[in-house]
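If you want the building blocks of each chain, they are given just below.
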Amino acid sequence: MLLMVLSNEMAKMQPFMDMDCKVMLLQAGVYLYDELTAHFSDVYVLESDFRASGLDVKQSSHGDINLISHADWVELCAIHHPVVTVQ
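Residues numbered from 1 in each chain as written. Predicted model: local features only at pLDDT ≥ 70, side-chain atom pairs only at ≥ 80, totals over all residues. Heavy atoms only, no water.

K.L.:
Can you help me understand the pattern of salt bridges in this one?
P.N.:
Close approach of charged atoms allows side chains of opposite charge to pair. With the rule as written, the count across this model stands at 3 salt bridges. With its nearest N and O atoms 2.5 Å apart, the salt bridge here joins Lys22 to Asp42. One end of the pair, Lys22, is in strand E2 (residues 22-25); the other, Asp42, is in the loop between helix H1 (33-37) and strand E3 (43-46), with 20 residues separating them in the sequence. The exposure class assigned to Asp42 is partly exposed, which follows from its relative accessible area of 24%. (Salt bridge = Lys/Arg side-chain N within 4 Å of Asp/Glu carboxyl O. Helix = DSSP H or I, 4+ residues; strand = E, 2+ residues; numbered from the N terminus. Buried < 20%, exposed > 50% of the residue type's maximum accessible area, 1.4 Å probe, protein only.)

K.L.:
Whenever I open this one, the environment of Gln87 confuses me. Can you help?
P.N.:
By the secondary structure assignment, Gln87 is in the segment after strand E5 (83-86). Through-space distance from the C-alpha of Gln87 to that of Gln27 is 9.9 Å; in sequence the pair is 60 residues apart.

K.L.:
Looking at this structure, I do not really get unusual backbone geometry. What am I missing?
P.N.:
Residues apart from glycine generally show negative phi values, whereas peptide bonds are mostly found in trans. Each neighbour pair has its own omega, and for His81 with Pro82 the value is 5°, a cis peptide bond. For Pro82, the location among the structural elements is in the loop between helix H3 (70-79) and E5. At Gln27, a position not held by glycine, the phi torsion is positive, near 50°.

K.L.:
Explain the nonpolar core here, please?
P.N.:
A general tendency of soluble globular proteins is for nonpolar side chains to be buried together. Membership of the largest hydrophobic core comes to 19 residues, with the highest contact counts inside it found for Leu3, Val5, Met13, Val23, Leu25, Leu36 and Phe40. Going through the elements one at a time, strand E1 (2-5), E2, H1 and E3 are the ones with two or more residues in this core. Apart from residues lying up to four places away in sequence, Val5 is in contact with Met13, Val23, Met24, Leu25, Leu26, Gly29, Leu32 and Val86. One finds Met24, Leu26, Tyr44 and Ile68 within the second-largest nonpolar core, a separate group that totals 9 residues. (Core = buried A, V, L, I, M, F, W, Y, C linked by side-chain atoms within 4.5 Å. Contact = heavy atoms within 4.5 Å.)

This is the structure:
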């Protein structure tokens, strides 16, 4: 399963915290990177949304941020379906 997270509200992620799934951060979801990498091993961030957020790549306390392109995002959706959107 792939969780596409568009919200920066951690409370909306509570129902998914015990699931083994990939996480894709988009839009305001990019601000949850540090919090979600503590719970999920595979967290991806759409590079264009990350750059638009104004966050510094070096701000993560969990190492390198896994920035991906739009093409990689489409591939993740195809491989790790079903896709659930958290808004």
